[in-house]
Amino acid sequence: MNAMCDPSNDDMRPLGGRSATPRERLVVVGHGMAATRFVEQLVAGGYPGHVTVIGEEPVPAYNRILLSAVLEGTHDASAIRLRSPEWYAEHGVELRLGTRVLTVDREHGDVMLVDGTCVPFDRLVLATGAIPTLPPIRGLVRPDGSLHPRVHAFRSLADCERLLAVLPVDAARAVVIGGGLLGLQVARALSVRGVATEVVEGGDTVLSRQVTPAAGTILARSLTQLGTTVYTGARATKLIDHPEEGGPIGVQLDNGFVLDADLIVLTAGGRPSVALARGAGLQVRRGIVVDEHLASPTDPRIHAIGDCAQHAGQVTGFVPPAWEQAVVLAQRLCGADLDYRGSRNVARLRATDLEVAVLGDPVAEPGEIVEVSNPVAGKHSRLVVRDGVIVAAALVGDLSRVGLITQAYDRGTVLGVREPGDLLLPETAAPLAPLPDDAEVCACAGVTAGAVRACGSLAEAQERTRATTGCGGCTQVCSRLVGEVPVREPREPREPREVVSPVRS
Amino acid sequence: MTTKTHCPYCSLQCGMTLANTGAGRRTLEVQPWAEFPVNQGALCRKGWTSGGLTGHRERLTTPLLRDRATGEFRSVGWDDALDVVAGTLAAIREEHGADALAVFGGGGLTNEKSYQLGKFARVALGTSQIDYNGRWCMSSAASAANRAFGVDRGLPFPLADVEQAEVVVLVGSNLAETMPPAARHLDRCRENGGEVVVIDPRRTSTADRADLVVQPVPGTDLALALGVLHLVISGGHVDESYVAERTSGWEAVRDHVAAWWPERVERVTGISVPELHALADLMTSHRRVMVLTARGAEQHAQGSDTVLAWINVCLALGLPGREHAGWGCLTGQGNGQGGREHGQKSDQLPGYRMIDDPAARQHVAGVWGVEADSLPGKGRSAYELLEALGTPEGPKALLVHGSNIVVSAPNATHVAERLEALDLLVVCDLVLSETAAMADVVLPVTQWAEETGTMTNLEGRVILRRQARRAPSGVRSDLDVIAGLAERLGSPVPFSTDPETIFAELGRASSGGKADYAGITYERIETELGVFWPCPTPEHPGTPRLFADAFATSDGRARFLDVEHRGPAEPCDGEFPVHLTTGRVLAQYQSGAQTRRIRELPDGGAFIEMHPLLAARIGVADGMRVTISTRRGELTAPARVATTIRPDTVFVPFHWLGVNRLTHDALDPASRMPEFKVCAARVEAA
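Residues numbered from 1 in each chain as written. Chains lettered and ligands numbered in written order. Predicted model: local features only at pLDDT ≥ 70, side-chain atom pairs only at ≥ 80, totals over all residues.

## Some points on the overall build of chain B
- When you go through chain B residue by residue, the secondary structure sums to 22 helices and 28 strands.
- Compactness check: chain B gives a C-alpha radius of gyration of 24 Å against a globular reference of 26 Å for 686 residues, within 12% of the reference.
- In terms of its C-alpha atoms, chain B occupies a principal-axis envelope of roughly 70 × 65 × 55 Å.
- For chain B, restricting intrachain contacts to residue pairs at least 6 apart in sequence, the fraction spanning at least 24 positions comes to 74%. (Helix = DSSP H or I, 4+ residues; strand = E, 2+ residues; numbered from the N terminus. Rg over C-alpha atoms; globule rule 2.2 N^0.38 Å. Contact = placed C-beta atoms within 7 Å.)

If you want it as structure tokens, here you go:
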């Protein structure tokens, strides 16, 4: 974050032989999580070039991963804004919102916007994100190409606001298509909002890409207990309009069921947005291919970060890797010499009463498996351990050690033989034993239990040993040692804390 | 004969009565002083046994001069010793200039000594090179408070206000062990229905009296505060009218914390999302909420930003200025507060005036009777000063008052090398501390019960310690040393040795400054049980509570400052996989120069506290020898296995030589505080 700018670094010289250009012109296409982080890091690092950010959405940068929290009601929409337009202006960053890049012209070094204007660049960063996939459901898309009016995507703030606008008066029942992380979050959010919600997932279990079938089954059961039925191994094939205007539509499943719904939310994943890159002749596979400098092998002036990028064969779709890429690229452009070597990812489900953490790829990552499963209590924990290091993990229903396990995973800590197992078991409290005479009961005055016992009263103990005269924490113990009823009883043990807000992310 | 005074150790400055039972008794007897409101007669074992050092057999009673050829010390008379010191200082100044002379002070010195030391450096030596060990104490909180509120007073309210709070959040404070009588206020807060939160990587004995304990990864308190603020905002708990009327800078902070959602905070801090919610819910569901930071949050290379992040939380909730609510710092050293207000800090003049402010220079120079232009400018901060010692551009001579640098400085091996590179090291101390043992000249000075002077406790309350007994023969006060050297160096103005006279001068020098003592006298302190600054006139009642109407900034508004979590300077890696954090134990104080010499205080030496999971990993059990190493040094000590510490963290108390050879010397960019509280370490069976 504190990389010093070194203008002599090769990266800083305008490329393409235009060495007379005083300042590098950097254009960022996209204004999502990766792009915002990238620009913040450029500013923090003192990047000397001129930066233009082009965003399709008309609103200031916001925290996309909190959209489900806005839907659920734990976050006000105004609380997820990341940077105001004024912030960009203050730092000399040109911000063009509500417009779209049509083409990238590598030969001329510019991008053309939908209104026909061209923005020249010496360096281009594609942070175009992902596009929600449309599942093959008949009736989903109308002849004019628009979505069925009862169908909602859930990718942008506008999607979220459109969905909120129909809640809860116009929507008593919802069907969420897709049982991945986003699908479950949206389902819980709708459910917390009072909408009867069902989830349709084509795979055999929910979160099938993140957790094993055993964990997915436990999670599906927890969801059911929370009032959300999950249909796994079922695909929606067709939307059936209600004969009357305003009536529920039917979602036809391939197993014969028809689910009535007032609204349908699509969360069945996304694919990298690569059209611009492909049109510009850059190497594209699933995502825009980049090397360890996050640059296209086709054209080193052009970079890709975030959901649209493919590094070492991987497309991630999560914020932490996108941000690490943003940081590495920004620091490189500010003169630091560092490479991107992939990320460790931690994915967390943000949904009330559902506790899930997924570290790395606990399904596919090779290693020894340490697992504790308690379907009755709705808990399932799995650590994948290789050479003593936790290389992946899935925690469902019990996150009491999530902080510690994540630290060990992130730092690649080499654990002891018993440690992975011990990490999954609850810590046991030592049994209470009578205090031996040589046990220190008053640390402030350095007094043992025996010395207090030798006194006839608390007053005598205070006078002779000065026990209880410091912080006062041992007063009750000392009272009992001399056979006196404590001056004041310890407070009643508190009830487990109730969360004050009705819902939370 | 009895004397009402205060304990020689921490910033609580507990009131105590010293009984000088007369003939033949070498030590003073400590008795309670029930009326003093901060501790109400309570003391910890350090206080009860503090009389043990007067007349201790290791007390120095004669100046010592070291022969550089043999390394031997020999006793010399005071005049000879002062002549040698002054002569050498003058010669070095002649050859290299005044900035070749440096002074290192301490947060345990009285206000009078701190003031004289600052004046001595600027006027008699003419050097800009003066700083003190308070940089290693509360400087991060000081820097944060100055920037956010325009003034730095540890607590902006009396400590007893804690009892009326509904929620008290302690960030990195183990006050039940480091200032035990303070815990009584916490207990009373809980009796009144209040709830206590302790944030600390260790479940300390302070945490034993908490309703909620949060154990973050060392060095991540800042991220935790950002996470709390995120939930304050997302839950709609911002005090919008307060923010609009009493603060500035809110928008940037608000937008920034949108990027610190709970799951991200969990990954960084190791605090699970439900725990974070529990903390935020507690803070947002009550009106009288107090956040008190201490060394655990502050002794980091991002310490001042960490404090600012917690202040931001308090401002968003509208707490500072509200009764029984707000932010405060629990200062550490006995005079950590007063010691930084009167000029022994490299950038300050008396009254908390900044040395680069022309008006401040004019005023203080007037009181001192010198030309403003003659005053040097800003010097190096404590650790940077030590690093420069003996280098071509750095000081060649150092005078040390009230500090045991080689034990308490970070990266201590390096610091010891710098001390050895000096042409002259002079140490004033009671005993032959580890630092005094390296000196060319050691001057034996009085200790607390043998002299009179004022201290300013953690509340900003100025208190008086009266002399309770005569100093051993051959021992003189630091004030005598300063006056004697000033005279020999041909100072343009004389230096008094009478504490009350010096205090009156200090009052005039501080007049009109932020820490204004002008209206305070010894008599008022005694009759009013201490006086809170600012107190500009004899008629002014003093100021127990700040910020009720306005903040001390130019526009009267508190500042939100947008701060970002950078993380520890030395992250853990495969080679050094655990976090090392350091701190104090109840029975010892700071470098232990005093407490390790008190027979009644247990002195078991350093230990390495670790969780059973970590102990099992390296194959050791409680009490077995463990070697801990960092990139800077290593130490072998017994393991103390406890479930109360995070399994990825080890704790070592720093009172013993060797512990600070392990710690990191990365500095906070604003406060110049070293990163004592976290570095990367490795532990293995010895």
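Let's pick the thread back up.
## Remarks on the overall build of chain A
- A count of helical and extended segments in chain A gives 13 helices and 29 strands.
- Overall, the C-alpha framework of chain A stretches about 95 × 70 × 45 Å when taken along its three principal axes.
- Looking at chain A residue by residue over its 505 residues, the buried ones come to 48%.
- Put simply, 60% of the contacts in chain A that link residues at least 6 apart link residues at least 24 apart. (Buried ≥ 20, exposed ≤ 12 C-beta atoms within 10 Å, placed from the backbone.)

## Notes on the sheet that holds strand β21 (residues 531-532) of chain B
Residue and element names in this part refer to chain B.
- Taken together, 3 strands build an open sheet; the order of strands is β19-β20-β21 and the sheet is antiparallel. One side of each edge strand has no neighbouring strand; the edge strands of this open sheet are β19 (453-456) and β21.
- Relative to strand β20 (residues 461-465), β19 is paired through 4 bridges, and the arrangement is antiparallel. Within β20, the position partnered with T454 by the bridge is L464. (Pairing = 2+ DSSP bridges.)

## Here's the deal with the domain arrangement of chain A
- Considered domain by domain, chain A is made up of domain 1 (24-130 + 271-333), domain 2 (151-267), domain 3 (355-424) and domain 4 (440-481).
- Here the C-alpha centre of domain 4 of chain A lies 45 Å away from the C-alpha centre of domain 3 of chain A. (Domains from an automatic or database assignment.)

## Looking at the domain arrangement of chain B
Residue and element names in this part refer to chain B.
- Domain boundaries in chain B define domain 1 (2-53), domain 2 (64-136 + 335-532), domain 3 (139-329) and domain 4 (578-685).
- With centres defined by C-alpha atoms, the gap from domain 1 to domain 2 works out at 26 Å.
- Listed as interface residues are 16 residues of domain 1 and, on the opposing side, 15 residues of domain 2.
- The greatest single-element share of the side of domain 1 that touches domain 2, amounting to 4 residues, is contributed by strand β1 (residues 2-6).
- Per-class residue counts for the side of domain 1 that touches domain 2 are 8 nonpolar, 6 polar and 2 charged. (Nonpolar A, V, L, I, M, F, W, Y, C, P; charged D, E, K, R; others polar.)

## A closer look at the pairing of strand β1 (residues 25-29) of chain A
Residues and elements named next belong to chain A.
- Where burial is concerned, most of β1 is hidden: 4 out of the 5 residues are buried.
- Here β1 runs beside strand β2 (residues 50-55); their pairing, made up of 5 bridges, is parallel. Residue L26 lies in a different strand from β2, and its bridge partner there is V51.
- Each parallel crossover has a hand, and for β1 linked through helix α1 (residues 33-45) to β2 it is right-handed. (Right-handed = clockwise from strand over helix to strand, strands pointing away.)

## Brief notes about the sheet that holds strand β2 (residues 15-19) of chain B
Residue and element names in this part refer to chain B.
- The 3 strands lie next to each other as β1-β2-β3, forming an open sheet whose pairing is antiparallel. The sheet terminates laterally at β1 and β3 (29-32), the two strands that pair on one side only. With direction set aside, neighbouring strand axes in the sheet form an average angle of 35°.
- Where β2 lies against β3, 4 bridges are found, and the strand directions are antiparallel. Note that in β3 the partner of A19 across the bridge is E29. (Axes fitted to C-alpha atoms, helices over the stretch in contact; angles between N-to-C directions.)

## Description of the packing of α1(A) against helix α8 (residues 319-333) of chain A
All names here are of chain A.
- Direction vectors running N to C along α1 and α8 enclose 30°, while the axes themselves pass 8 Å from each other. Remark: the crossing between α1 and α8 carries right-handed chirality. Residues M33, A34, R37, F38, Q41, L42 and G45 of α1 lie in contact with α8, whose contacting residues are V319, A322, W323, Q325, A326, V327, L329, A330, Q331 and L333.
- Here the contact of α1 with α8 is composed, by residue class, of 12 nonpolar, 4 polar and 1 charged. (Left-handed = near helix turned anticlockwise from the far one by under 90°.)

## Quick notes on the interface of chain A and chain B
- Opposite the 51 residues of chain A that make contact, chain B presents 51 residues.
- Sorting the residues of the side of chain A that touches chain B by element identifies β4 (81-83), β23 (346-348), α9 (402-411) and α10 (419-424) of chain A as the ones contributing at least two each.
- Take the side of chain A that touches chain B: its biggest share by element is 6 residues, from α9(A).
- Partitioning the side of chain A that touches chain B into residue classes produces 19 nonpolar, 17 polar and 15 charged.

## Digging into the environment of B:P544
Residue and element names in this part refer to chain B.
- Structurally, P544 is set in the loop between β21 and β22 (558-559).
- Residues P544 and E459, spaced 85 residues apart in sequence, show a C-alpha to C-alpha distance of 7.9 Å.
- When near neighbours in sequence (up to four residues on either side) are disregarded, P544 contacts F157, P158 and F532.

## Observations regarding the nonpolar core
- Within the largest apolar cluster, 352 residues are counted, with the highest numbers of intra-cluster contacts made by A:V28, A:F38, A:L126, A:I288, A:I305, B:V168 and B:V197.
- Here this core gets 10 residues from one element, more than from any other, and that element is helix α7 (residues 221-234) of chain B.
- Dropping the residues within four chain positions of it, A:I305 is found in contact with A:A34, A:F38, A:V125, A:A127, A:L294, A:A322, A:Q325, A:A326 and A:L329.
- Within the second largest apolar cluster, 29 residues are counted, among which are B:I645, B:V652, B:V659 and B:V678. (Core = buried A, V, L, I, M, F, W, Y, C linked by C-beta atoms within 7 Å.)

## Some points on the confidence of the model for chain A
- The pLDDT averaged across chain A works out to 89; a share of 91% of its residues lies at or above 70.
- Overall, residues 492-505 of chain A carries pLDDT values under 50, and its contacts beyond four positions in sequence, including any with other chains, amount to 23 contacts. (pLDDT = per-residue confidence, 0-100.)

## Focus on the pairing of strand β13 (residues 326-329) of chain B
Residues and elements named next belong to chain B.
- Along β13, one buried face is formed by G326 and G328 and the opposite face, lined by W327 and C329, is buried too.
- Alignment of strand β12 (residues 289-293) against β13, held across 4 bridges, turns out to be parallel. Each bridged residue has a counterpart across the sheet, and for T293 the counterpart in β13 is C329.

## A few points about helix α10 (residues 262-269) of chain B
- With 8 of its 8 residues buried, α10(B) lies for the most part within the structure.
- Within the span of α10(B), buried status applies to B:P262, B:E263, B:R264, B:V265, B:E266, B:R267, B:V268 and B:T269.
- Residues of α10(B) that are buried sit in contact with β23 and α9 of chain A together with α7 and α11 (273-284) of chain B.
- One or two positions beyond α10(B), positive phi appears at B:G270, with a value near 75°.

## Let's talk about unusual backbone geometry
Residues and elements named next belong to chain B.
- A cis amide bond links W533 with the next residue in sequence, P534, at an omega value of 0°.
- Structurally, the position occupied by P534 is in the loop between β21 and β22.
- One non-glycine residue, Q40, lies in positive phi territory at about 45°.
- As for its position among the elements, Q40 is in the loop between β3 and α1 (45-48).
- The phi angle at Y352 is positive, at roughly 60°, despite the residue not being glycine.

## What to know about helix α19 (residues 478-488) of chain B
All names here are of chain B.
- Of all the 11 residues making up α19, 8 are buried; the element is thus mostly covered by neighbouring parts of the structure.
- Turning to α19, its buried residues are D478, L479, V481, I482, A483, G484, L485 and A486.
- A positive backbone phi angle near 70° is found at G490, which sits one or two residues after α19.

## Some words on the environment of A:R401
- You can see A:R401 is positioned in the loop between β27 (389-396) and α9.
- The sequence separation of A:R401 and A:L423 amounts to 22 residues, and the corresponding C-alpha distance is 7.0 Å.

## Overview of the packing of helix α4 (residues 139-149) of chain B against helix α13 (residues 303-316) of chain B
Residues and elements named next belong to chain B.
- Packing of α4 against α13 leaves a shortest axis separation of 8 Å and a crossing angle of 50°. Between α4 and α13, the angle falls in the class oblique. Between α4 and α13 the crossing geometry is right-handed. On the side of α4, the interface is formed by S140, A141, S143, A144, R147 and A148, while α13 contributes G303, S304, V307, L308 and I311.
- When its residues are assigned to classes, the contact of α4 with α13 shows 6 nonpolar, 4 polar and 1 charged. (Parallel < 35°, antiparallel > 145°, perpendicular 65-115°, else oblique.)

## Re the environment of B:T54
All names here are of chain B.
- Here T54 shows up in the loop between α1 and β4 (64-66).
- For the pair T54 and P472, spaced 418 residues apart in sequence, the C-alpha separation works out to 8.5 Å.
- Contact partners of T54, with chain neighbours within four places excluded, come to T27, L28, Q447, A449, E450 and R469.

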